[in-house]
Amino acid sequence: MGFIEENLNHVEQRIQAACLRSGRRREDVSLIVVSKTKPVSMIREVYALGPRDFGENRPQELRDKYDVLPDDIRWHMIGNLQRNKVKYVVGRAVMIHSLGSAQLAAQIEKESAQRGLIMPCLVEVNIAKETSKEGIMPEDAVDFIRSISTLEHIRIEGLMTVAPYTENPEENRPCFRALRNLAVDIAHENIDNICMRHLSMGMTGDYEVAVEEGATMIRVGTGILGERDYSI
Ligand SMILES: *Cc1c(COP(=O)(O)O)cnc(C)c1O
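Residues numbered from 1 in each chain as written. Predicted model: local features only at pLDDT ≥ 70, side-chain atom pairs only at ≥ 80, totals over all residues. Heavy atoms only, no water.

### Things to note about the packing of aromatic side chains
Tallied over the entire structure, the rule returns 1 aromatic pair. Taking the centre distance of 5.9 Å and the plane angle of 40 degrees together, the rings of Phe54 and Trp75 count as tilted. On the criterion of sequence distance, the pair formed by Phe54 in strand β2 (residues 53-56) and Trp75 in strand β3 (residues 74-77) is long-range, its members being 21 residues apart. The ring of Tyr47 is capped by Arg52, whose NZ or CZ atom sits 3.5 Å from the centre of that ring. Above the face of the Tyr88 ring, Arg63 is positioned so that its terminal group lies 4.7 Å from the ring centre. (Phe/Tyr/Trp six-rings, centres within 6.5 Å; stacked < 30°, edge-to-face > 60°. Helix = DSSP H or I, 4+ residues; strand = E, 2+ residues; numbered from the N terminus. Lys NZ or Arg CZ within 6 Å of the ring centre and 35° of its normal.)

In C-alpha coordinates, the structure reads:
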(Lines give C-alpha, C1' and ligand atoms only; values in the text may rest on other atoms or scores of the structure.)
Protein backbone atom coordinates (compact mmCIF):
# COMPACT_ATOMS: atom_id res chain seq x y z
CA MET A 1 0.00 0.00 0.00
CA GLY A 2 1.40 3.42 -0.94
CA PHE A 3 1.49 6.32 1.48
CA ILE A 4 -1.49 8.04 -0.15
CA GLU A 5 -3.68 4.99 0.34
CA GLU A 6 -2.50 4.63 3.93
CA ASN A 7 -3.20 8.28 4.67
CA LEU A 8 -6.58 8.14 3.01
CA ASN A 9 -7.59 5.06 5.03
CA HIS A 10 -6.42 6.75 8.20
CA VAL A 11 -8.41 9.92 7.49
CA GLU A 12 -11.47 7.89 6.51
CA GLN A 13 -11.35 5.93 9.78
CA ARG A 14 -11.09 9.15 11.76
CA ILE A 15 -14.02 10.74 9.92
CA GLN A 16 -16.11 7.67 10.64
CA ALA A 17 -15.13 7.70 14.32
CA ALA A 18 -15.97 11.42 14.61
CA CYS A 19 -19.36 10.75 12.99
CA LEU A 20 -20.02 7.92 15.45
CA ARG A 21 -19.07 10.06 18.45
CA SER A 22 -21.39 12.86 17.36
CA GLY A 23 -24.31 10.79 16.06
CA ARG A 24 -23.83 11.90 12.47
CA ARG A 25 -24.05 9.94 9.24
CA ARG A 26 -20.86 9.49 7.25
CA GLU A 27 -22.66 10.38 4.02
CA ASP A 28 -23.45 13.84 5.42
CA VAL A 29 -19.76 14.75 5.45
CA SER A 30 -17.84 15.25 2.18
CA LEU A 31 -14.10 14.83 2.19
CA ILE A 32 -12.49 17.37 -0.12
CA VAL A 33 -8.93 16.36 -0.95
CA VAL A 34 -6.94 19.59 -1.18
CA SER A 35 -4.61 19.04 -4.12
CA LYS A 36 -3.12 22.53 -4.49
CA THR A 37 0.54 22.49 -5.63
CA LYS A 38 0.32 18.71 -6.15
CA PRO A 39 0.87 17.17 -9.58
CA VAL A 40 -1.83 15.66 -11.77
CA SER A 41 -0.22 12.22 -11.37
CA MET A 42 -0.87 12.36 -7.63
CA ILE A 43 -4.49 13.38 -8.15
CA ARG A 44 -4.94 10.39 -10.47
CA GLU A 45 -3.61 8.16 -7.72
CA VAL A 46 -6.16 9.52 -5.24
CA TYR A 47 -8.92 9.35 -7.85
CA ALA A 48 -8.20 5.65 -8.41
CA LEU A 49 -8.83 5.10 -4.69
CA GLY A 50 -12.30 6.61 -4.83
CA PRO A 51 -12.41 10.33 -3.89
CA ARG A 52 -14.12 12.66 -6.39
CA ASP A 53 -13.99 16.00 -4.54
CA PHE A 54 -10.80 18.01 -4.91
CA GLY A 55 -9.94 21.50 -3.67
CA GLU A 56 -7.66 24.06 -5.29
CA ASN A 57 -6.82 27.62 -4.28
CA ARG A 58 -5.29 29.01 -7.47
CA PRO A 59 -7.69 29.65 -10.35
CA GLN A 60 -5.31 28.82 -13.20
CA GLU A 61 -4.17 25.66 -11.47
CA LEU A 62 -7.79 24.58 -11.07
CA ARG A 63 -8.40 25.29 -14.76
CA ASP A 64 -5.31 23.39 -15.91
CA LYS A 65 -6.11 20.36 -13.78
CA TYR A 66 -9.79 20.44 -14.73
CA ASP A 67 -8.87 20.39 -18.39
CA VAL A 68 -6.79 17.18 -18.19
CA LEU A 69 -8.46 15.16 -15.41
CA PRO A 70 -11.66 13.04 -15.54
CA ASP A 71 -15.01 14.82 -15.95
CA ASP A 72 -16.58 13.33 -12.85
CA ILE A 73 -14.20 15.15 -10.50
CA ARG A 74 -15.96 17.85 -8.47
CA TRP A 75 -13.61 20.80 -8.19
CA HIS A 76 -13.92 23.18 -5.24
CA MET A 77 -12.41 26.65 -5.30
CA ILE A 78 -11.28 27.14 -1.71
CA GLY A 79 -8.79 30.01 -1.89
CA ASN A 80 -8.70 33.76 -2.15
CA LEU A 81 -10.18 34.61 -5.56
CA GLN A 82 -9.37 37.80 -7.46
CA ARG A 83 -12.01 39.27 -9.70
CA ASN A 84 -9.99 38.96 -12.89
CA LYS A 85 -9.56 35.22 -12.27
CA VAL A 86 -13.23 34.38 -11.76
CA LYS A 87 -13.44 33.45 -15.44
CA TYR A 88 -11.21 30.41 -14.89
CA VAL A 89 -13.42 29.05 -12.13
CA VAL A 90 -17.04 29.63 -13.19
CA GLY A 91 -18.08 26.71 -15.36
CA ARG A 92 -15.38 24.46 -13.88
CA ALA A 93 -15.79 24.49 -10.10
CA VAL A 94 -18.92 22.98 -8.54
CA MET A 95 -18.60 25.42 -5.66
CA ILE A 96 -16.72 28.56 -4.67
CA HIS A 97 -16.04 28.36 -0.91
CA SER A 98 -14.33 31.73 -0.62
CA LEU A 99 -16.94 34.38 -1.39
CA GLY A 100 -15.95 37.26 0.87
CA SER A 101 -16.73 40.56 -0.82
CA ALA A 102 -19.50 42.30 -2.72
CA GLN A 103 -17.13 43.03 -5.62
CA LEU A 104 -16.29 39.36 -5.98
CA ALA A 105 -19.99 38.46 -5.82
CA ALA A 106 -20.71 40.94 -8.62
CA GLN A 107 -18.02 39.40 -10.80
CA ILE A 108 -19.21 35.84 -10.16
CA GLU A 109 -22.75 36.99 -11.00
CA LYS A 110 -21.57 38.48 -14.29
CA GLU A 111 -19.53 35.44 -15.39
CA SER A 112 -22.27 33.02 -14.37
CA ALA A 113 -24.96 35.01 -16.19
CA GLN A 114 -22.81 35.04 -19.33
CA ARG A 115 -22.47 31.28 -19.18
CA GLY A 116 -26.13 30.78 -18.31
CA LEU A 117 -25.46 28.94 -15.07
CA ILE A 118 -26.03 29.38 -11.37
CA MET A 119 -22.87 29.22 -9.26
CA PRO A 120 -23.15 27.58 -5.82
CA CYS A 121 -21.10 29.57 -3.30
CA LEU A 122 -20.25 29.61 0.38
CA VAL A 123 -19.67 32.84 2.26
CA GLU A 124 -16.25 32.86 3.88
CA VAL A 125 -16.42 34.07 7.47
CA ASN A 126 -13.42 35.23 9.49
CA ILE A 127 -14.83 33.57 12.55
CA ALA A 128 -11.81 34.16 14.82
CA LYS A 129 -11.41 37.77 13.56
CA GLU A 130 -7.78 37.28 12.64
CA THR A 131 -6.30 40.35 10.96
CA SER A 132 -4.34 38.15 8.54
CA LYS A 133 -7.42 36.32 7.26
CA GLU A 134 -9.88 36.81 4.46
CA GLY A 135 -13.59 36.66 4.99
CA ILE A 136 -16.57 38.57 6.28
CA MET A 137 -16.65 39.44 9.97
CA PRO A 138 -19.32 37.37 11.73
CA GLU A 139 -21.32 40.43 12.80
CA ASP A 140 -21.49 41.60 9.18
CA ALA A 141 -22.55 38.25 7.72
CA VAL A 142 -26.33 38.73 7.76
CA ASP A 143 -26.19 42.14 6.06
CA PHE A 144 -23.65 40.90 3.54
CA ILE A 145 -25.73 37.87 2.62
CA ARG A 146 -28.86 39.97 2.39
CA SER A 147 -27.08 42.37 0.04
CA ILE A 148 -26.00 39.64 -2.39
CA SER A 149 -29.16 37.53 -2.14
CA THR A 150 -30.73 39.30 -5.11
CA LEU A 151 -28.00 38.11 -7.48
CA GLU A 152 -29.79 35.59 -9.68
CA HIS A 153 -26.80 33.56 -10.82
CA ILE A 154 -25.32 32.92 -7.39
CA ARG A 155 -26.77 30.45 -4.94
CA ILE A 156 -25.50 30.82 -1.37
CA GLU A 157 -25.49 27.35 0.18
CA GLY A 158 -23.73 27.94 3.48
CA LEU A 159 -20.61 29.18 5.22
CA MET A 160 -16.91 28.42 5.14
CA THR A 161 -14.10 29.28 7.52
CA VAL A 162 -10.37 28.80 7.84
CA ALA A 163 -9.84 28.39 11.57
CA PRO A 164 -6.62 29.57 13.25
CA TYR A 165 -3.54 27.42 13.04
CA THR A 166 -3.15 25.52 16.30
CA GLU A 167 -1.34 22.49 17.67
CA ASN A 168 -4.37 21.55 19.73
CA PRO A 169 -7.50 21.03 17.63
CA GLU A 170 -9.75 21.41 20.69
CA GLU A 171 -8.85 25.10 20.65
CA ASN A 172 -10.79 25.47 17.41
CA ARG A 173 -13.97 23.86 18.72
CA PRO A 174 -15.46 27.23 19.75
CA CYS A 175 -14.77 28.59 16.25
CA PHE A 176 -16.55 25.70 14.57
CA ARG A 177 -19.44 25.95 16.98
CA ALA A 178 -19.68 29.70 16.36
CA LEU A 179 -19.79 29.14 12.60
CA ARG A 180 -22.58 26.61 12.99
CA ASN A 181 -24.54 28.95 15.25
CA LEU A 182 -24.08 31.78 12.79
CA ALA A 183 -25.48 29.57 10.01
CA VAL A 184 -28.50 28.78 12.18
CA ASP A 185 -29.05 32.50 12.85
CA ILE A 186 -28.79 33.30 9.15
CA ALA A 187 -31.23 30.52 8.26
CA HIS A 188 -33.72 32.03 10.72
CA GLU A 189 -33.63 35.28 8.77
CA ASN A 190 -35.47 33.47 5.94
CA ILE A 191 -33.72 35.45 3.22
CA ASP A 192 -34.97 34.57 -0.28
CA ASN A 193 -32.56 32.49 -2.36
CA ILE A 194 -30.36 31.61 0.65
CA CYS A 195 -29.96 28.21 2.24
CA MET A 196 -27.53 27.17 4.95
CA ARG A 197 -27.11 23.49 4.17
CA HIS A 198 -23.29 23.51 4.12
CA LEU A 199 -20.55 24.21 6.61
CA SER A 200 -17.08 23.95 5.07
CA MET A 201 -14.70 23.77 8.02
CA GLY A 202 -11.84 21.64 9.29
CA MET A 203 -8.43 20.92 7.78
CA THR A 204 -5.68 18.37 8.45
CA GLY A 205 -5.08 19.56 12.01
CA ASP A 206 -8.67 19.81 13.18
CA TYR A 207 -11.13 18.03 10.86
CA GLU A 208 -12.32 15.56 13.50
CA VAL A 209 -13.42 18.36 15.81
CA ALA A 210 -15.03 20.10 12.83
CA VAL A 211 -17.03 16.95 12.01
CA GLU A 212 -18.16 16.71 15.63
CA GLU A 213 -19.32 20.33 15.38
CA GLY A 214 -21.33 19.81 12.21
CA ALA A 215 -19.03 20.25 9.20
CA THR A 216 -20.61 18.98 5.97
CA MET A 217 -17.38 19.50 4.05
CA ILE A 218 -13.86 19.11 5.38
CA ARG A 219 -10.80 20.17 3.39
CA VAL A 220 -7.80 17.92 3.93
CA GLY A 221 -4.51 18.38 2.07
CA THR A 222 -1.34 17.56 4.02
CA GLY A 223 -2.96 14.69 5.91
CA ILE A 224 -3.51 12.81 2.64
CA LEU A 225 -0.94 14.07 0.13
CA GLY A 226 1.89 15.09 2.46
CA GLU A 227 3.63 18.42 2.93
CA ARG A 228 3.39 20.95 0.12
CA ASP A 229 6.40 22.45 -1.64
CA TYR A 230 5.58 26.04 -2.57
CA SER A 231 8.93 26.59 -4.28
CA ILE A 232 7.89 24.70 -7.42
C1 LIG B 1 -4.53 24.53 1.92
C2 LIG B 1 -5.90 24.64 2.44
C3 LIG B 1 -6.50 23.56 3.12
C4 LIG B 1 -5.80 22.26 3.44
O5 LIG B 1 -4.88 22.43 4.46
P6 LIG B 1 -4.13 21.18 5.14
O7 LIG B 1 -3.69 21.69 6.44
O8 LIG B 1 -3.02 20.82 4.22
O9 LIG B 1 -5.13 20.09 5.25
C10 LIG B 1 -7.81 23.71 3.52
N11 LIG B 1 -8.50 24.85 3.29
C12 LIG B 1 -7.95 25.89 2.64
C13 LIG B 1 -8.77 27.11 2.41
C14 LIG B 1 -6.64 25.83 2.20
O15 LIG B 1 -6.10 26.88 1.57
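### A word on the site of the ligand
Surveying the vicinity of the ligand reveals the residues Val34, Lys36, Ile78, Met160, Val162, Met203, Thr204, Arg219, Val220, Gly221, Thr222 and Arg228. Lys36 is positioned such that a nitrogen or oxygen atom in its side chain is 2.6 Å from an oxygen atom of the ligand. Between the ligand and Arg219 there is a distance of 2.8 Å, counted from a nitrogen atom to a side-chain nitrogen or oxygen. Among the residues forming the shell around the ligand, the class breakdown is 6 nonpolar, 3 polar and 3 charged. (Near = heavy atom within 4 Å. Polar contact = N/O pair within 3.5 Å; in protein donor to acceptor, adjacent residues only side chain to side chain. Nonpolar A, V, L, I, M, F, W, Y, C, P; charged D, E, K, R; others polar.)

### Observations concerning the nonpolar core
Judged by nonpolar contacts, the single largest core of 64 residues is most densely connected at Ile108 and Leu159. Not counting the four nearest positions on each side in its chain, Leu159 is found in contact with Leu122, Val123, Val125, Ile145, Leu179, Leu182, Ala183, Ile186, Met196, His198, Leu199 and Ser200. (Core = buried A, V, L, I, M, F, W, Y, C linked by side-chain atoms within 4.5 Å. Buried < 20%, exposed > 50% of the residue type's maximum accessible area, 1.4 Å probe, protein only. Contact = heavy atoms within 4.5 Å.)

### Describing helix α1 (residues 3-22)
With 20 residues, α1 extends 29 Å between its outermost C-alpha atoms, agreeing within 8% with the 28 Å of an ideal straight helix rising 1.5 Å per residue. Every buried residue belonging to α1 is among Ile4, Leu8, Val11, Ile15, Ala18 and Cys19, and all of these are buried. Viewed along the axis of α1, the buried residues span an arc of 100 degrees, placing them on a single side of the element. Facing away from the buried side of α1 by more than 90 degrees, the exposed set consists of Gln13, Leu20 and Arg21. In this structure, the buried residues of α1 make contact with β1 (30-34), α2 (40-48), α8 (207-212), β8 (217-220) and α9 (222-225). Looking one or two residues past α1, Gly23 carries a phi angle of roughly 65 degrees, positive in sign. (Expected span 1.5 Å × (residues − 1). Arc of directions from axis to C-beta.)

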